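# Close look at the chain arrangement
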Amino acid sequence: MGRGGLLIGGAFVAIWASAFTVAGVVVREWPPLWSLAIRFGLTAPILLAIALAFRARWPSPPDAGRVALLGLFGMGGYLALAWLAMARIPTGLVALICATTPLLVAAGESLILRKPLPPLAWAGLAIGWSGVALLGFLRALDGLAAAEASGFLLAVGAAAAQAVGLLVYAPAKGRVDLWVASLGQTTVSALLCLMLALLLEGAMPRSASWFTLGGLLWSMIVVGIGGYALYFVMLKRVPTSTASALQLLAPPLAAVFGWALLGERLYVSDLVGGALTLGGLALLVRARRRG
C-alpha cells in the first residue's frame, strides 16, 4: 500500500471511529431517535442533489426493494439501536460490540446462503463471539445496572440489524449506484426514525448547544457522506483484505476518542473482551483473504 493509500486508510479509520464519539455528544442533549430522524432528513436532499448531479442510474424494482431493506435494517435499524445504546453505555463499548457485524454476516452466509467457511474462519467466529460473551459476563459480575444491560443488548441488536441489511442487499451491491444506494437507505432510515421518535420520544427537541449542532453536522457531512464515499475510494486504492483489516482499528480508536473527549471509562474486562472480539475478526479476515 502506497503513501496515498495509507493516508486514505488512516483518514477513513479516524472518521469511522469519530462516528461513535459525535453520536455520544449528540445523545447527551437530544433524544437518540429524534437526532437520527433530523440527521437523515437533512442528509437525504443532499444525497438526492449529488445523485442527480452525477446522473446516477436508478435501480430496478427488485434492487430498489433490497436498498429499502438495507435502509430499514442496515442503516436505520442499526443506527437507531446503536444510538440508543450510546445513551446508556460508553461509546467505545458500543463500537466494540458493533464491530461484530462481520461475524454475523459470515455466519449468515454459511447458514443461510450455504457458503462454506474454512476452519480458520470458524475459529475466528468462535473467538470473536467468546469475546462478546466475556464482555457481557464480566460486566454482569461487576453489577450491571439495568440501563447498562439494556445498552449492551441494544448494541448487540444493532450489529444484528446491520448484518441482516448487508445480507439482504448483497446480491444487488454490484448493480446499484453508490449514491442511489445511499439516497435510498437514508430516506428509508429517515422515515423509520421519525416514526419511532414520534412513538417513543414525544416532541421534537427545540433547542441545542453548539456542541450538539456541531456533532450533528459532523455526523451528517463527514461521516454520513464523506465516510461512505472515502470507503469506496479506499477500496479502489488498497486491497479488500487490507481495507477490512483497517476497519478493525476503528473500535479501539473510538474507545480512545470516548476516553479523551467524553471522559468515558472502559474497564479491564472491556479491554480483554474487546481484544478477543477483534482477534476473532482478524482471523476471519485472514481466512477470507486466503479463500
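As a starting point, this report considers the structure included with it. Note that the coordinates shown come from a computational prediction; the quantities given were computed from them, not determined experimentally.

### Focus: the overall build of the chain
From N to C terminus, the chain includes 12 helices and zero strands. Written out in order from the N terminus, the α and β elements of the chain read α-α-α-α-α-α-α-α-α-α-α-α. Across the 291 residues in the chain, those meeting the buried criterion constitute 47%. On the chain, roughly 13,700 Å² of surface is accessible, and the fraction owed to carbon and sulfur atoms is 70%.

### A look at helix α2 (residues 32–53)
With 22 residues, α2 should reach 32 Å at 1.5 Å per residue; the first-to-last C-alpha distance of 32 Å fits that figure. Immediately downstream of α2, the backbone of arginine 55 shows phi near 50°, a positive value.

### Considering the packing of aromatic side chains
Per the stated rule, a full pass over the model turns up two aromatic pairs. Aromatic side chains phenylalanine 12 and tryptophan 16 sit 5.2 Å apart centroid to centroid with 25° between the ring planes, which places their arrangement in the stacked category. Note that phenylalanine 12 and tryptophan 16 are positioned in helix α1 (residues 3–26) at a spacing of four residues, about one turn of the helix. Classification of phenylalanine 12 as buried rests on a relative accessible area of 1%. Note on phenylalanine 54 and tryptophan 179: the rings are 6.4 Å apart at their centroids and 15° apart in plane angle, and the pair reads as stacked. Separated by 125 residues along the polypeptide, phenylalanine 54 in the loop between α2 and α3 (61–86) and tryptophan 179 in helix α8 (residues 178–200) bring together distant segments of the chain. You can call phenylalanine 54 exposed: its relative accessible area is 59%.

### So, the packing of α2 against α8
Here α2 crosses α8 at 155°, and the two axes come no closer than 8 Å. Overall, the two elements α2 and α8 adopt an arrangement that is roughly antiparallel. Taken as a pair, α2 and α8 cross one another with a handedness that is left-handed.

### Section: a nonpolar patch on the surface
Residues Leu69, Leu72, Phe73 and Val164 make up a contiguous nonpolar surface patch of about 270 Å² in total accessible area. Residue contributions to the nonpolar patch peak at three residues, all from α3.

### Observations regarding the nonpolar core
What tends to happen in soluble globular proteins is that the nonpolar side chains get buried as a cluster. Residues Phe20, Ala82, Trp83 and Val94 are the most contacted members of the largest nonpolar core, which totals 39 residues. Secondary structure elements with two or more residues in this core: α1, α2, α3, α4 (91–98), α6 (119–141), α7 (146–169), α8 and α11 (250–262). A per-element tally of this core places α3 first, with nine residues. Leave out the neighbours within four places in its chain, and alanine 82 touches Val94, Cys98 and Ala158. In terms of nonpolar packing, the next biggest core, distinct from the first, is built from 14 residues, Ala51, Val176, Trp179 and Ala181 among them.

### Comments concerning α11
An α-helix turns once every 3.6 residues. As a result, residues three or four positions apart point the same way. Look at α11: 17 Å from first C-alpha to last across 13 residues, which is about the 18 Å you get at 1.5 Å a residue. Residues of α11 that are buried include every one of Ala250, Pro251, Ala254, Ala255, Gly258 and Leu262, and no others. Down the axis of α11, the smallest arc covering the buried residues is 140°, so these residues share one side. Where α11 ends, the next residue or the one after it, glycine 263, has phi of about 70°, a positive value.

Cut-offs used in this document
Residues numbered from 1 in each chain as written. Predicted model: local features only at pLDDT ≥ 70, side-chain atom pairs only at ≥ 80, totals over all residues. Heavy atoms only, no water. Helix = DSSP H or I, 4+ residues; strand = E, 2+ residues; numbered from the N terminus. Buried < 20%, exposed > 50% of the residue type's maximum accessible area, 1.4 Å probe, protein only. Areas by Shrake-Rupley, 256 points an atom, 1.4 Å probe, with all protein chains shown as cover. Expected span 1.5 Å × (residues − 1). Phe/Tyr/Trp six-rings, centres within 6.5 Å; stacked < 30°, edge-to-face > 60°. Axes fitted to C-alpha atoms, helices over the stretch in contact; angles between N-to-C directions. Parallel < 35°, antiparallel > 145°, perpendicular 65-115°, else oblique. Left-handed = near helix turned anticlockwise from the far one by under 90°. Patch = residues over 30% accessible without salt bridge, like charges linked within 9 Å, V, L, I, M, F, W, Y side chains within 5 Å. Salt bridge = Lys/Arg side-chain N within 4 Å of Asp/Glu carboxyl O. Core = buried A, V, L, I, M, F, W, Y, C linked by side-chain atoms within 4.5 Å. Contact = heavy atoms within 4.5 Å. Arc of directions from axis to C-beta.

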